[in-house]
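# Survey of secondary and tertiary structure
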Amino acid sequence: MPKQPFKEKVVVITGGASGIGLALAEKFAREGAFIALVDMDKAALEKREKQFTGRGYRAVGIACDVTCREMCESTVEKILDLFGHIDVLVNNAGITQRSLFTKTRVEVFQKVMAVNFFGALYCTKAAIDSIVKRRGMIIVNESIAGMAPLLGRTGYSASKHALHGLFTSLRCELRHTGTHVMIVCPGFIKTNLQTRALGGDGNITNVPQSRVGKQDTPESAAEIIYNGAVKRKNLLVLTVMGKIGYWVSRITPGIYERIMTKQFKSELKN
Ligand code: NAD
């Protein structure tokens, strides 16, 4: 195994201007990768691009709203023009929702699906030929809520379950090509995700988030994701509580539902 297996590999990270995506971009850049940060937050992107290039990393920031298929396609074209190919696509851009199903407008479900699911689909569709030619990798930032229920997040959980179905099936289709798909399920990581969570009316919610256990840092998540990518893992479950939740939900789904409902039910009062 080379010391820096991603040296001079082209790594594209959606939602790369903040949180886990940004920390992962920093880690890959430190390991010698060329980085394309893709995000809808233009101001943050400009700042990050300057920081990265200022440190001598080869990096570019491209503004793109992943809910727009044409923008995803033109973004991938720009990256191919700049770097020639794509080795790794990290489908990381995401938003969450915190609201009771009965109080959540259908438009909120559509928005969450548009970013979390269709954003990843559009980017993957646009980049897949190059990734396969390079025998590269797709990393999908999913969630424990992609494999188990989560109270007050019916839309978020549905979008992450949809990602899980798409990308585990795609992994099987791509296996013979030497292309890999790695699913990442973070537990609670301290980022801006929850402060931007949508409420049932589609505005940012002020309902406080319930949390179980302590939050990890994006940097420690990035370290684990990078090492998982080196080993071409199928699935990474992050944080102690994330691992406990994952295994309880696998082994005794009924008990998981009861414990999780108890932990999160204070949110239902709002
Ligand atoms: P974050 O809010 O810090 O980062 C998300 C990034 O996505 C932001 O830079 C945002 O601008 C970008 N983004 C949002 N909508 C976009 C769009 N339409 N087009 C392009 N970019 C868009 O949050 P984070 O926690 O770093 O989230 C990254 C991923 O990790 C998400 O998919 C999230 O669901 C997943 N995740 C996070 C946690 C956690 O506890 N933080 C837990 C499980 C899963």
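These numbers come from a predicted model, not from an experiment. (Residues numbered from 1 in each chain as written. Predicted model: local features only at pLDDT ≥ 70, side-chain atom pairs only at ≥ 80, totals over all residues. Heavy atoms only, no water.)

This brings us to unusual backbone geometry. Positive phi values are uncommon outside glycine, yet E8 reaches one of about 65°. Along the chain, E8 turns up in the segment before β1 (10–14). Positive phi is not limited to glycine here, since R232 has a value of about 50°. Position of R232 among the secondary structure elements: in the loop between α6 (218–230) and β7 (235–237). (Helix = DSSP H or I, 4+ residues; strand = E, 2+ residues; numbered from the N terminus.)

We now examine helix α8 (residues 253–264). Spanning 12 residues, α8 covers 16 Å between terminal C-alpha atoms, matching the ideal 16 Å at 1.5 Å per step. Residues of α8 that are buried: Y256, M260 and F264. Here the buried residues of α8 occupy an arc of 45° about the axis, which is enough to place them on one side. Residues R258 and K262 are exposed on α8 and point more than 90 degrees away from its buried face. Buried positions along α8 lie against α7 (240–251). (Expected span 1.5 Å × (residues − 1). Buried < 20%, exposed > 50% of the residue type's maximum accessible area, 1.4 Å probe, protein only. Arc of directions from axis to C-beta. Contact = heavy atoms within 4.5 Å.)

Looking at the ligand, there are 29 residues lining it, with S18, D39, N92, Y156 and T191 nearest. With respect to the ligand, the side chain of D39 contributes an N or O atom lying 2.6 Å from an oxygen atom. A distance of 3.3 Å is found between an oxygen atom of the ligand and a backbone nitrogen or oxygen belonging to G187. Those elements giving two or more residues to the shell around the ligand turn out to be α1 (19–30) and α5 (154–174). Within the shell around the ligand, the residues separate by chemical class into 12 nonpolar, 11 polar and six charged. (Near = heavy atom within 4 Å. Polar contact = N/O pair within 3.5 Å; in protein donor to acceptor, adjacent residues only side chain to side chain. Nonpolar A, V, L, I, M, F, W, Y, C, P; charged D, E, K, R; others polar.)

Here helix α2 (residues 42–54) spans 18 Å end to end across 13 residues, near enough to the 18 Å set by a 1.5 Å rise per residue. For α2, every residue scored as buried is listed here: A44, L45, R48 and F52. Axial view of α2: buried residues confined to an arc of 100°, hence all on one face. Away from its buried face, by an angle of more than 90 degrees, α2 presents the exposed residues K42, A43, E46, K50 and G54. Where α2 ends, the next residue or the one after it, G56, has phi of about 90°, a positive value.

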